[in-house]
Amino acid sequence: MIMTKPCSKHGYAILICCLYVADGRQWSVSLKRLSAKAYAYSLIHSLNEGKTIMGKYFGTDGFRGEAGITLTADHAYKVGRFLGWYYNMLRERNGNNEPARIVIGKDTRRSSYMFEYSLVAGLTASGADAYLLHVTTTPSVAYIARVDDFDCGIMISASHNPYCDNGIKLIDCYGEKMPEETLLLVEDYIDGKLHVFDKDWPELPFAHREHIGGTVDYVSGRNRYMGYLISLGIYSFKGVKVGLDCANGSSWNIAKSVFDALGADTYVINNKPNGLNINNNAGSTHIEGLQKFVVENGLDVGFAFDGDADRCLCVDEKGNVITGDHILYIYGCYMKERGKLLTNTVVTTVMSNFGLYKAFDEKGIGCAKTAVGDKYVYEYMAKNGCRIGGEQSGHIIFSKYASTGDGILTSLKMMEVMLAKKMPMSKLAEPLKIYPQVLENVRVTDKKAAQNDPAVQAAVKAVAEALGDTGRILVRESGTEPVVRVMVEAPDHDTCQKYVSQVVDVIKAKDYAV
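Residues numbered from 1 in each chain as written. Predicted model: local features only at pLDDT ≥ 70, side-chain atom pairs only at ≥ 80, totals over all residues. Heavy atoms only, no water.

## Description of the sheet that holds strand β23 (residues 483–489)
Here's step 1: In spatial order, the strands read β21-β23-β22; together these three strands make up an open sheet with antiparallel pairing. The open sheet has two edge strands, β21 (437–443) and β22 (472–477), and neither has a second partner. Across the sheet, the axes of successive neighbouring strands diverge by a mean angle of 15°, strand direction being ignored.
Here's step 2: This element, helix α15 (residues 454–467), spans β22 and β23 of the sheet and lies at about 155° to β22. (Pairing = 2+ DSSP bridges. Helix = DSSP H or I, 4+ residues; strand = E, 2+ residues; numbered from the N terminus. Axes fitted to C-alpha atoms, helices over the stretch in contact; angles between N-to-C directions. Contact = heavy atoms within 4.5 Å.)

So, in structure tokens, the structure goes:
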């Protein structure tokens, strides 16, 4: 279920309160209850991605598209024009005549410079001052926007996408993702139908004379963020051999400096960006390179970041991948042991592995599930006072220290657990059994009709009851394509494939597949 609740800090925040299951009741993570009602784990309408509030341009992770095609310099200029004008208007209405202050960071894509200059042109033309962090990480923009009292922050990045894509992520003054209501106003301005402050604005006024905005080199902000990360290191890393894969992206000139400052023997790959090689067979989406690097060099651990370093995956000393689910398990248990796991809850998404919930249940740790997207994870955490949450992909949020996923912070926290418990990463992850998973995307004529069909629901329920507490089935629709996703997790791959095929065959037999 999705609820929208007005909040003075976040605007109208989307809160994931519960997820519908086969019998329409609230979903529960308790395995004891699961054995009594075998399909409590199996979500038919886990969360329809299409039901999340998304605008024409801005999705859950900003305005993203192919640079020069679906995301252009003109789009960026208009985003800057609106934000500069809007925050100046808010200041004026509160009796503050000082220009709005907006901080901008970017990743290493060639097009990021084009978008940076376009945004600055729009901001200054509207009378706002633009502060440039230059190449930096998304979490650093969120941190600086919050601690240095900026009106908002902008990050230019398409995260883990290839170099030809780019994106504009908007961050509010609290270091959190921009409220939906503000994003919709940006979209309305781009489309020429802006109505705000009780009137229509077919065009926005230009600043003139001394009111034209200025541009400030603010690399000191990035350096201060690095200092903040270093301050969180409570143990010396001396003697620990650490591998870092910077994805030729935002972390290339930050991550090594942080680890070096904490005393690690740091080995780095993919730290030579050229504008075209970001995420190219590198980083957290291509972790096989780091796996090989860790084993060949006899390293103690490795950390892989994505293009804007808001994700982190790990590699243990044996070359095994440590996913976001492993990280949630390792740090969740560490917090529980020290009495630091407030609400005794770890926040996950519907895509976390079934094995994670079984492992948490054995440790007496509760779980909450949200829609896919760190945006929804954070909103649940903020509303319910949870301290840790994240996604299988490596978006991990430590709410005591950050308001967004932070890859470098995540790597420091994993180092902390290793050093505090004097255990290698492989031993820390050992109790978590990741269940095999089979996912099949079925292109259909009507997503909702396919999911709501009684025969399809009966097939899903039958699989859920057959699996009992040994696995789960998840059926959800794509928010961007005419696709229904059927996923099964079970003790072995053959069982997964068997039950996925059972449901897919029914969808096809009912003539929904195309």
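## Side note on the side chain of Asn271
Here's step 1: Relative to the elements of secondary structure, Asn271 occurs in the loop between β13 (265–269) and α8 (288–296).
Here's step 2: In contact with Asn271, other than residues within four places in its own chain, are Cys246, Asn248 and Trp252.

## Quick look at the packing of aromatic side chains
Here's step 1: As enumerated under the stated definition, the model contains 20 aromatic pairs in all.
Here's step 2: Centroid distance Tyr86 to Tyr87: 5.3 Å. Interplanar angle 75°. Geometry classified as edge-to-face. Residues Tyr86 and Tyr87 agree in their burial class; the two are buried.
Here's step 3: Each member of the aromatic cluster is reached from another via a ring pair, and the members are Phe82, Trp85, Tyr86, Tyr87, Tyr189, Phe197 and Trp201.
Here's step 4: Positioned above the aromatic ring of Trp201, the side-chain terminus of Lys199 is 4.4 Å from the ring centre.
Here's step 5: Cation over ring: Lys433 sits above Tyr435, and NZ or CZ is 4.8 Å from the ring centre. (Phe/Tyr/Trp six-rings, centres within 6.5 Å; stacked < 30°, edge-to-face > 60°. Buried < 20%, exposed > 50% of the residue type's maximum accessible area, 1.4 Å probe, protein only. Lys NZ or Arg CZ within 6 Å of the ring centre and 35° of its normal.)

## What to know about the pairing of β13
Here's step 1: Bridge count for strand β12 (residues 241–245) against β13 is five bridges, and the pairing is parallel. Opposite Gly243, over in β13, you have Tyr267 as the bridge partner.
Here's step 2: For the handedness criterion, the β-α-β arrangement of β12, helix α7 (residues 255–261) and β13 is classed as right-handed. (Right-handed = clockwise from strand over helix to strand, strands pointing away.)

## Some points on the sheet that holds strand β18 (residues 366–370)
Here's step 1: The mixed open sheet is built from four strands, whose spatial order is β18-β17-β19-β20. If you trace the sheet from one side to the other, it starts and ends with β18 and β20 (396–398), each paired once. Going across the sheet, the axis of each strand differs from the next one's by a mean of 20°, ignoring polarity.
Here's step 2: Here two bridges tie strand β17 (residues 345–349) to strand β19 (residues 388–390), and the two strands are oriented parallel to one another. Of the residues in β19, the one forming a bridge with Val346 is Ile388.
Here's step 3: Of the strands in this sheet, β17 and β18 are in contact with helix α10 (residues 354–363), which crosses β17 at around 170°.

## A look at empty space enclosed by the protein
Here's step 1: In this structure the tally under the stated criterion is five cavities of 30 Å³ or more.
Here's step 2: There is about 80 Å³ of room inside the second largest cavity.
Here's step 3: In terms of lining residues, the second largest cavity is bounded by 13 residues, among which Pro139, Tyr143, Tyr401, Ala402 and Ser403 are the most central.
Here's step 4: Where the lining of the second largest cavity is concerned, the elements lending two or more residues are α4 (138–147) and α6 (219–231).
Here's step 5: Among the elements that take part in the lining of the second largest cavity, α4 stands out by supplying four residues, more than any other. (1 Å grid on protein atoms, 1.4 Å probe; cavity = no way out; pocket = protein on both sides within 12 Å on 5 of 7 lines; lining within 4 Å. Points joined across faces, edges and corners; volume = space filled by probe spheres on them.)

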